[in-house]
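# Observations on the three-dimensional arrangement
This is what each chain is made of:
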Protein chains: 4
Amino acid sequence: MTKEPKRKSIGATRNPASAEAILTAAEQVLIEKGYRGFTIDEVARRAKAGKPTIYKWWPNKAVLLLDVYLRQKSIIFQNTGKFEDDLVAFINAILTNWRETPSGQIFRSIIAEAQSDETSRAAVTKFATDRQAETSFLILQGLKRGEVCASVDPIGVARWIGAYLWYQLLTDRLSLTTDELRNDVEILLAGLANKPPS
Amino acid sequence: MTKEPKRKSIGATRNPASAEAILTAAEQVLIEKGYRGFTIDEVARRAKAGKPTIYKWWPNKAVLLLDVYLRQKSIIFQNTGKFEDDLVAFINAILTNWRETPSGQIFRSIIAEAQSDETSRAAVTKFATDRQAETSFLILQGLKRGEVCASVDPIGVARWIGAYLWYQLLTDRLSLTTDELRNDVEILLAGLANKPPS
Amino acid sequence: MTKEPKRKSIGATRNPASAEAILTAAEQVLIEKGYRGFTIDEVARRAKAGKPTIYKWWPNKAVLLLDVYLRQKSIIFQNTGKFEDDLVAFINAILTNWRETPSGQIFRSIIAEAQSDETSRAAVTKFATDRQAETSFLILQGLKRGEVCASVDPIGVARWIGAYLWYQLLTDRLSLTTDELRNDVEILLAGLANKPPS
Amino acid sequence: MTKEPKRKSIGATRNPASAEAILTAAEQVLIEKGYRGFTIDEVARRAKAGKPTIYKWWPNKAVLLLDVYLRQKSIIFQNTGKFEDDLVAFINAILTNWRETPSGQIFRSIIAEAQSDETSRAAVTKFATDRQAETSFLILQGLKRGEVCASVDPIGVARWIGAYLWYQLLTDRLSLTTDELRNDVEILLAGLANKPPS
DNA sequence: GGGTAATCGAGACGGTACGTCGTGTCTTTCC
DNA sequence: GGAAAGACACGACGTACCGTCTCGATTACCC
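Residues numbered from 1 in each chain as written. Chains lettered and ligands numbered in written order. Predicted model: local features only at pLDDT ≥ 70, side-chain atom pairs only at ≥ 80, totals over all residues. Heavy atoms only, no water.

### Brief notes about the domain arrangement of chain A
Residues and elements named next belong to chain A. Segmentation of chain A into domains returns domain 1 (16–58) and domain 2 (73–190). Computed from C-alpha atoms alone, the centre-to-centre distance between domain 1 and domain 2 is 29 Å. Across the boundary between the two partners, domain 1 contributes five residues, which contact six residues of domain 2. A combined buried area of about 490 Å² lies between domain 1 and domain 2, and 69% of that area is made up of carbon and sulfur atoms. (Domains from an automatic or database assignment. Contact = heavy atoms within 4.5 Å. Buried area = accessible area lost by both parts, 1.4 Å probe.)

Below, the structure written as structure tokens:
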């Protein structure tokens, strides 16, 4: 076993190794013990870091959580040529990612944390809004191809999709079959309203 | 100052006065100090109740929160004769209630709490499912009147609506104008898909 | 398994079966869990008695403890014809009894309990004084036989012996060999003072 | 009123000011409220210290009590030239100290506490043994001067004296006159046995 | 190239909440 | 009216975490 050299200060500048160790430890703790066990003490212990070091760079737990979440790999848009398939693939990718990687647990924790603290909530809300903008690209894609009704507001739709995703996450419904998912998407696509046969 | 008689046991049976005092205190604490300050200790202090009494009847914090939430007045369905108006009124009533009464803060806390604990989450998920069943009455109403497409799954729609409501709550978007809300509802009603002019 | 009939009230008079059950339960609890685990709750549970019943008849824990102690069998004086042997046998009988029956544990608890409470201490002190009077019979026996110096105060000696016994109990020295004990007794008998050869 | 600066950590090392404050508070609580009121909570409150700080350095209540006891001033041996006088003075000094300072109350509590817990009892027994060793110096002093019989075991005698002291403390007999005390000591010095005139 | 100045680990500190247990009082219901 | 049953207000238990602090060591930067 190689003698692991103790990590020390590297002088009057931030030690990236520490930051890295802290984020990794935070992620591990979150996976292993969940949000309940996600304490600064435990992260510091795991990272072999001092608590003040953590507090210095991540003043809130929410900020640290967001940083951990952002280190996760992001979703890549599909372009199959058919809007419905793209949308289903997109949602499915996110749900699968949440289900099969720590991301789901992490994001759940972020949302929980944000409910206790005004500024955290603002940060998460901003994050959500940014994601809506990204999602709206997908809508615009469909709109450009004439598959989406021109009168539709892309951001508004992105909000519906974001809402759907959060709800699935928060109510433990990440394990849908593709058919179930396609059914749900179908509702959004076709709309509720009874269209009179023209 | 009138000497307030201390609340005592009323024998080997649950004292409703205590339950009442605890729920009231819990609500007050939640309003005044938020979820962060919502501790069993504080509730017990405020209610002049023993902590064991609280733990006896509400094993989880989530359960207590749900009980507090359920004491709030509930939403009554509208029936204006037009499905879209009913739906908008329904959503608006909930959002307004969340915005203008403690209910919003309380329910936010419930969702947060549920993310820390498996059993709490199950309880909240069950609650959500029950509400979807209620909401689906609205859909069925519209369906009976022929305003809703017959092929639509009422529970599935109720889920979309629930998702929308939670999302608005969790991302601090409770103060929509009626027009904004109507726009959002419109998307769900009309659907995204471009309907070719037949 | 015979269906054990639940013990009920026998009307407006003290139920001796309850008293018996409580004392027995108290003794068992003390043996099994020690003084720390000796709680009224536990005794009530074990005796299948209501707590108020216990409090009614034994207002203090110390009183209950004393009652339990007094149910134990008492020591019988020896009379071997030689004072030293009688004394050693007497002390040894008590130490053995304390070591091999619950009595030691019980009496230890009584002493501990008595230190917290003024009236309990008075009760125990009275008990100790009574025992000294009994012990002094032994001294008088020796005195009558001319083995004990006539100028000696029997009660004073009984006090020394009581002190010795308590000390052995409280400092976990109940397992002396007879020789060790005889040595200790020898000191008391012969005295410290250097007797000049007359 | 001068704004008292809050006591803080002084880094990763024990803060003596805290230790001091805790011991002082513990002593005060014991004096004012007795052993019944001597709770870690109360000590922490009084010392303005956190409970974990107390538990960190004093794992048992008995250990804390012993530390409090040891802060009291100790007894100084006399050397009057006469063994009996030295012994009487020694015992009297201890009894007086127990009677007139908090030491008596404190030591009583220590003994009581030790009866509940095995490890505490071991600590107290060790303390008692150490004191016996000290006391035996007094015996050796007398032995050296030829006042004490050479065949006597000093530790054995010290044990008798320790027993006597504890017994007086535990049975509320701290207020003896010098004559009463001298009588008791006389018994130990002269011994019980009837010495036949040679 | 020597003296700041900032960073690091470590961990103690005053607090506060946790969830459990025991206390002694009370009331209801049954005998 | 005694006894069971058990709920109640209270408060201590011992533990965990919070966010702050002080320390001594360890560089990087600036004069």
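Next comes the rest of the account.
### Re the protein's contact with DNA strand E
Close to DNA strand E lie 55 residues, the nearest being Pro52(B), Tyr55(B), Asp41(C), Pro52(C) and Trp57(D). Atoms of DNA strand E within 4 Å of the protein: sugar and phosphate make up 69%, bases the balance. A distance of 2.5 Å is found between a phosphate oxygen of DNA strand E and a side-chain nitrogen or oxygen belonging to Tyr55(B). Between DNA strand E and Ser18(D), the relevant distance is 2.8 Å, taken from a phosphate oxygen to a side-chain nitrogen or oxygen of the residue. Of all elements in the fold, only α3 (51–57) of chain A, α2 (40–47) and α3 (51–57) of chain B, α2 (40–47) and α3 (51–57) of chain C together with α3 (51–57) of chain D reach the threshold of two or more residues within the surface near DNA strand E. Among the residues forming the surface near DNA strand E, the class breakdown is 16 nonpolar, 19 polar and 20 charged. (Near = heavy atom within 4 Å. Polar contact = N/O pair within 3.5 Å; in protein donor to acceptor, adjacent residues only side chain to side chain. Helix = DSSP H or I, 4+ residues; strand = E, 2+ residues; numbered from the N terminus. Nonpolar A, V, L, I, M, F, W, Y, C, P; charged D, E, K, R; others polar.)

### Side note on a nonpolar patch on the surface
Residue and element names in this part refer to chain A. On the surface, a nonpolar cluster with roughly 280 Å² of combined accessible area is contributed by Phe77, Phe137 and Leu140. Checked against the element boundaries, phenylalanine 77 lands in the loop between α4 (61–71) and α5 (83–100). With relative accessibility at 33%, the residue phenylalanine 77 sits in the partly exposed group. (Patch = residues over 30% accessible without salt bridge, like charges linked within 9 Å, V, L, I, M, F, W, Y side chains within 5 Å. Areas by Shrake-Rupley, 256 points an atom, 1.4 Å probe, with all protein chains shown as cover. Salt bridge = Lys/Arg side-chain N within 4 Å of Asp/Glu carboxyl O. Buried < 20%, exposed > 50% of the residue type's maximum accessible area, 1.4 Å probe, protein only.)

### Here's the deal with the interface of chain B and chain A
Contact with chain B, which involves 47 residues of that partner, is made by 46 residues of chain A. For the chain B and chain A pair, buried surface summed over both sides reaches about 4500 Å², with 62% attributable to carbon and sulfur atoms. On the chain B side of the contact with chain A, Trp160(B), Tyr167(B) and Leu192(B) bury the most area, a combined 21% of that side's loss. Taken together, the connections running from chain B to chain A amount to six salt bridges. Notably, a salt bridge pairs Asp184(A) with Arg159(B), separated by 3.6 Å at the nearest N-O pair. Summed over the shared surface of chain B and chain A, the result is eight residue pairs in polar contact (both at pLDDT 80 or more).

### As for the packing of aromatic side chains
One pass over the full model with this rule turns up 32 aromatic pairs over all chains. Ring geometry for Phe107(C) against Trp166(C): centres 5.6 Å apart, planes inclined by 80°, an arrangement best described as edge-to-face. Of this pair, Phe107(C) sits in helix α6 (residues 103–116) while Trp166(C) sits in helix α8 (residues 154–170), and the two are 59 residues apart along the sequence. Assessed through its relative accessible area of 2%, Phe107(C) is described here as buried. Its relative accessible area of 6% is what places Trp166(C) among the buried residues. Grouping aromatic residues by their ring pairs yields a cluster made of Tyr69(A), Trp98(A), Phe107(A), Phe127(A), Trp166(A) and Tyr167(B). Sitting over the ring of Trp57(C), Lys56(C) keeps its end group 5.7 Å from the ring centre. (Phe/Tyr/Trp six-rings, centres within 6.5 Å; stacked < 30°, edge-to-face > 60°. Lys NZ or Arg CZ within 6 Å of the ring centre and 35° of its normal.)

### A short note on the state of the cysteines
Joining two cysteines, a disulfide is a covalent bond between their sulfur atoms. For the structure shown, the criterion picks out zero disulfides over all chains. Here Cys149(B) is not disulfide-linked; the sulfur of Cys149(A) is the nearest cysteine sulfur, at 17 Å. You can call Cys149(B) partly exposed: its relative accessible area is 21%. (Disulfide = S-S within 2.5 Å.)

### Quick notes on the nonpolar core
Leu64(A), Ile91(A), Trp98(A), Leu64(B) and Ile91(B) are the most contacted members of the largest nonpolar core, which has 122 residues in total. Membership of the second largest hydrophobic core comes to 120 residues, among which are Val148(C), Ile40(D), Leu95(D) and Tyr167(D). (Core = buried A, V, L, I, M, F, W, Y, C linked by side-chain atoms within 4.5 Å.)

### Some thoughts on the relation of the copies chain D and chain C
Superposition of chain D onto chain C requires a rotation of 180° combined with a translation of 0.1 Å along the rotation axis, giving an RMSD of 0.4 Å. The operation mapping one copy onto its partner corresponds to a two-fold rotation axis. No C-alpha of chain D lies nearer the rotation axis than that of Gly191(D), which sits 1.6 Å from it. Comparing interface residues between copies, 96% of those in chain D also sit at the interface in chain C, which points to an isologous, same-surface contact. (Least-squares fit on C-alpha atoms with pLDDT ≥ 70 in both.)

### Things to note about the relation of the copies chain B and chain A
If you rotate chain B by 180° and push it 0.0 Å along the axis, it lands on chain A with an RMSD of 0.4 Å. A high fraction, 98%, of the interface residues of chain B reappear at the interface in chain A, so the copies pair face to face through one surface.

### Quick word on the interface of chain D and chain C
Facing the 47 residues of chain D at the interface are 45 residues of chain C. Around 4500 Å² of area is buried between chain D and chain C when both sides are counted, 62% of it from carbon and sulfur atoms. On the surface where chain D and chain C come into contact, there are six salt bridges. In this structure, Glu113(D) and Arg36(C) form a salt bridge, with 3.0 Å as the shortest nitrogen-oxygen distance. Where chain D meets chain C, there are eight residue pairs in polar contact (both at pLDDT 80 or more). Within the residue set of the side of chain D that touches chain C, elements represented by two or more residues are α5 (83–100), α6 (103–114), α7 (118–144), α8 (154–170) and α9 (178–190) of chain D. In terms of residue count, α8(D) provides more of the side of chain D that touches chain C than any other element does, eleven residues in total. Across the side of chain D that touches chain C, the residue classes break down as 22 nonpolar, twelve polar and 13 charged.

### Let's talk about unusual backbone geometry
Even without being a glycine, Lys48(A) presents a positive backbone phi close to 50°. Looking at the element boundaries, Lys48(A) is found in the loop between α2 (40–47) and α3.

### Examining the packing of helix α1 (residues 16–33) of chain D against helix α4 (residues 61–71) of chain D
Residues and elements named next belong to chain D. Closest axis-to-axis distance for the α1/α4 pair is 10 Å, and the angle between their directions is 90°. In terms of their interaxial angle, α1 and α4 are classed as roughly perpendicular. Residue-level contacts link Glu20, Ile22, Leu23, Thr24, Ala26, Glu27 and Leu30 of α1 to Leu64, Leu65, Asp67, Val68 and Arg71 of α4. Of the residues contributing to the contact of α1 with α4, the split by class is seven nonpolar, one polar and four charged. (Axes fitted to C-alpha atoms, helices over the stretch in contact; angles between N-to-C directions. Parallel < 35°, antiparallel > 145°, perpendicular 65-115°, else oblique.)

### Let's talk about the environment of Leu188(A)
With respect to the helices, strands and loops of the structure, Leu188(A) is situated in helix α9 (residues 178–190). Here Leu188(A) falls in the buried class, since its relative accessible area comes to 1%. Spatially, the C-alpha atoms of Leu188(A) and Ile76(A) are 22 Å apart, while their sequence positions differ by 112 residues. Aside from chain neighbours lying at most four places away, what touches Leu188(A) is Trp160(A), Ile161(A), Trp160(B), Ile187(B), Leu188(B), Gly191(B) and Leu192(B).

### A few points about the arrangement of the chains
Spatially, chain B is disjoint from chain C: no contact exists, and the shortest C-alpha separation is 11 Å. The two units chain A and chain D are non-contacting; their minimal C-alpha-C-alpha distance is 11 Å.

### Let's talk about the environment of Arg99(C)
Residues and elements named next belong to chain C. Relative to the assigned elements, arginine 99 resides in helix α5 (residues 83–100). On the basis of relative accessibility, which here comes to 33%, the residue arginine 99 falls in the partly exposed class. When the C-alpha atoms of arginine 99 and leucine 174 are compared, they prove to be 6.0 Å apart, with 75 residues separating the residues in sequence. Ignoring sequence-local partners within four residues, the contact set of arginine 99 consists of Leu174 and Ser175. Within the structure, the side chain of arginine 99 is placed 3.4 Å from the side chain of glutamate 100, a separation counted as a polar contact.

### Points about the pattern of salt bridges
A full pass over the atoms with the stated rule returns 74 salt bridges over all chains. Glu27(D) is the partner of Arg71(D) in a salt bridge, and the nearest nitrogen-oxygen pair spans 3.5 Å. Here the residue Arg71(D) occupies a position in helix α4, and Glu27(D) occupies one in helix α1, the gap between them amounting to 44 residues. A residue is classified by how much of its surface remains accessible, and Glu27(D), at 19% relative accessible area, is buried. Through salt bridges with shared partners, a single ionic network connects Glu32(A), Lys33(A), Glu42(A), Arg45(A) and Arg46(A).

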